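Chain residues, written in single-letter form:
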Amino acid sequence: MLKQKICFYIATASHLVVDMCCACLIAAILSASHSFASVENQPAYLLHSAFYLLLYNFCAFALQMPIGYLADLFCQKKQKKNTCTLHSDFDTTETEGIAAFGCLLVALPFFFLQRSTATASCYYLSNSVSVTLTVISAGIGNALFHIGAGREVLKHADGKMKYAGIFVSSGALGLSLGGKVLLSQKLPIRSFCVVLLILAAIALCSRHLLLCLPRKAPLTACCKARPPLPHTSCFLHWCYPVIFVLFITVVLRSLMGMILSFSWTASVPGIISCLLLVFGKALGGILADHFGIARTMTVTLGLSAIFFLLSQQMIFGMLAILLFQTTMPITLWLLYEQMPKYPGFAFGILTFGLFIGYLPYWFGIHTILQSPVIYALIALLSLGLLLCALRHRTK
């Protein structure tokens, strides 16, 4: 158990590093484009920035679903060839290799940043193909890491949702720190991020040495204890409706994150808003483990809806955001529960929902939904959908 906790901490810390470096890189590209854009070129700058953001989010979030499914099939194929292995988790090496390779893909674009500034180089600006390839590399690397590390966190969670909550919350903290790192003129951005990403890749690759240790049980006992795998063509079987309901819930949560706007936001430091997301996601898993999923969702989302109606007052708005985020680990765990042999695909479905929820913001139609009443309705609708999924789930 101690070894699994150490591996969990490595994955969580690596998640923070990867998301922080991705946020730093994308912010560097956008800030460099802005600094070189003249007044006449502002429309073109806005168009290019929107395109790069959409491309990155597609690669980093939407592609996790097919990547996760392929990773699951690959590991299952390896499992069929090693049904009598003496290792407790024989596919850990492969998935950690996926995560480590993702770290290296994210590190690659930093070699093209200028040493003299914290923004992207002029080469990027003069060659849109280079910028596009950089964004794609960072996005796919991010997706590979999340699938490789995320599926291992789910597999070794031992039925506890707190691990999923803490793991996903570290990414939110990393996204916030990415902007802070970029603004820090004392840090050598390129060296700092590359070193962190390489260290994360090394740590991830060494994790299997802790997990894949020989069992003390005899070979026959190991073989008998391993259940057969279901056929890949029917792994969803009858749980399509539950998965679809959970997917819609994730879309709503992503949409909420895009449309939230309060009169007091400008007076609150960005790190405070980030901590609300971090603690909300981590708190959701902890509460669900102690009080159960149904009670946790009912109380947190019910109070969240009430507080959203009062959200023009800063304290109530903050509490509403904190409580609404508690559904993140619960949704992820319920998805994984429906397809325990497909943890990567379950993780990918969730992130694909996040991408779909981002699209209204990209098209600029999010402003028509900015109302405390809409926020409260989304919270109540999310509660209804989650309770429906909980009622019809399979364990």
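The paragraphs below set out a description of the structure included in this document. Just so it is clear, the model here is predicted, and its values are computed rather than measured.

Details of the overall build of the protein chain
Here's step 1: When helices and strands are tallied, the protein chain shows 16 helices and zero strands.
Here's step 2: Expressed as a percentage of its 395 residues, the buried residues of the protein chain come to 51%.
Here's step 3: Of the accessible surface of the protein chain, which amounts to about 17,900 Å², a share of 71% is contributed by carbon and sulfur atoms.

Comments concerning the layout of surface pockets
Here's step 1: The computed volume of the largest pocket comes to approximately 1,800 Å³.
Here's step 2: What lines the largest pocket is a set of 48 residues, among which L175, G257, M258, L277 and K281 lie closest to the centre.
Here's step 3: Elements represented by at least two residues in the lining of the largest pocket include exactly α1 (2-36), α2 (42-62), α6 (128-155), α7 (161-183), α10 (240-259), α11 (270-291), α13 (314-324) and α15 (343-362).
Here's step 4: Broken down by class, the residue content of the lining of the largest pocket amounts to 28 nonpolar, 17 polar and three charged.

A short note on the packing of aromatic side chains
Here's step 1: Counting across every chain of the model gives 16 aromatic pairs.
Here's step 2: Residues F262 and Y375 carry aromatic rings whose centres are separated by 5.8 Å and whose planes lie at 75 degrees to one another, so their mutual orientation is edge-to-face. One end of the pair, F262, is in the loop between α10 and α11; the other, Y375, is in helix α16 (residues 372-392), and 113 residues separate them in sequence. Here F262 matches Y375 in class, with each residue buried.
Here's step 3: Note on Y358 and Y361: the rings are 6.1 Å apart at their centroids and 45 degrees apart in plane angle, and the pair reads as tilted. Of this pair, Y358 and Y361 are both found in helix α15, three residues apart, which corresponds to roughly one turn of the helix.
Here's step 4: We classify Y361 as partly exposed; its relative accessible area is 38%.
Here's step 5: Members of the aromatic cluster, each reached through a chain of ring pairs, are F262, W264, F308, F324 and Y375.

A few points about a nonpolar patch on the surface
Here's step 1: There is a patch of nonpolar side chains on the surface, built from V299, L303, I306, L309, L310, V373, L377 and L380 and spanning about 710 Å² of accessible area.
Here's step 2: Of all the secondary structure elements, the ones that give two or more residues to the nonpolar patch are α12 (293-309) and α16.
Here's step 3: Among the elements that take part in the nonpolar patch, α12 stands out by supplying four residues, more than any other.

Describing unusual backbone geometry
Here's step 1: Positive phi values are uncommon outside glycine, yet D158 reaches one of about 55 degrees.
Here's step 2: The exposure class assigned to D158 is exposed, which follows from its relative accessible area of 53%.

Considerations on the packing of α12 against helix α14 (residues 327-338)
Here's step 1: One can describe the packing of α12 onto α14 by two numbers: an axis separation of 11 Å at closest approach and a directional angle of 145 degrees. In this structure, α12 crosses over α14, and the sense of that crossing is left-handed. Together, I293, T296, M297 and L301 of α12 and T327, I330 and L334 of α14 make up the contact between the two elements.
Here's step 2: Counted by class, the contact of α12 with α14 contains five nonpolar, two polar and no charged residues.

Remarks on α6
Within an α-helix, residues lying three or four positions from one another point in the same direction, as the helix has 3.6 residues per turn.
Here's step 1: The terminal C-alpha atoms of α6, which comprises 28 residues, lie 41 Å apart, in line with the 40 Å expected from a rise of 1.5 Å per residue.
Here's step 2: In terms of residue burial, α6 counts as a mostly covered element, since 21 of its 28 residues are buried.

Looking at the nonpolar core
Here's step 1: Counting 102 residues, the largest nonpolar core has F110, F167 and F308 as the members making the most contacts within it.
Here's step 2: The leading source of residues in this core is α1, at 13 residues.
Here's step 3: When sequence neighbours within four positions are dropped, the list of residues in contact with F110 reads C21, L25, I189, R190, C193, V194 and L197.

Some remarks on the state of the cysteines
What is meant by a disulfide is a covalent connection between two cysteines, made through their sulfur atoms.
Here's step 1: Evaluated as defined, the whole model comprises zero disulfides.
Here's step 2: With no disulfide of its own, C21 has C193 as its nearest cysteine by sulfur position, at a separation of 3.8 Å.

With respect to the pattern of salt bridges
Here's step 1: One pass over the structure, following the stated rule, counts three salt bridges.
Here's step 2: For R151, the salt bridge is made with E152, and the minimal N-O distance between the two is 3.6 Å.
Here's step 3: On the basis of relative accessibility, which here comes to 1%, the residue E152 falls in the buried class.
Here's step 4: Salt-bridge contacts for K155 lead to E152; the nearest nitrogen and oxygen are separated by 3.7 Å. Residue K155 and its partner E152 are located together in helix α6, separated by three residues, close to a single helical turn.
Here's step 5: Connected through shared salt-bridge partners, D72, R151, E152 and K155 make up one network.

Analysis parameters
Residues numbered from 1 in each chain as written. Predicted model: local features only at pLDDT ≥ 70, side-chain atom pairs only at ≥ 80, totals over all residues. Heavy atoms only, no water. Helix = DSSP H or I, 4+ residues; strand = E, 2+ residues; numbered from the N terminus. Buried < 20%, exposed > 50% of the residue type's maximum accessible area, 1.4 Å probe, protein only. Areas by Shrake-Rupley, 256 points an atom, 1.4 Å probe, with all protein chains shown as cover. 1 Å grid on protein atoms, 1.4 Å probe; cavity = no way out; pocket = protein on both sides within 12 Å on 5 of 7 lines; lining within 4 Å. Points joined across faces, edges and corners; volume = space filled by probe spheres on them. Nonpolar A, V, L, I, M, F, W, Y, C, P; charged D, E, K, R; others polar. Phe/Tyr/Trp six-rings, centres within 6.5 Å; stacked < 30°, edge-to-face > 60°. Patch = residues over 30% accessible without salt bridge, like charges linked within 9 Å, V, L, I, M, F, W, Y side chains within 5 Å. Salt bridge = Lys/Arg side-chain N within 4 Å of Asp/Glu carboxyl O. Axes fitted to C-alpha atoms, helices over the stretch in contact; angles between N-to-C directions. Left-handed = near helix turned anticlockwise from the far one by under 90°. Contact = heavy atoms within 4.5 Å. Expected span 1.5 Å × (residues − 1). Core = buried A, V, L, I, M, F, W, Y, C linked by side-chain atoms within 4.5 Å. Disulfide = S-S within 2.5 Å.

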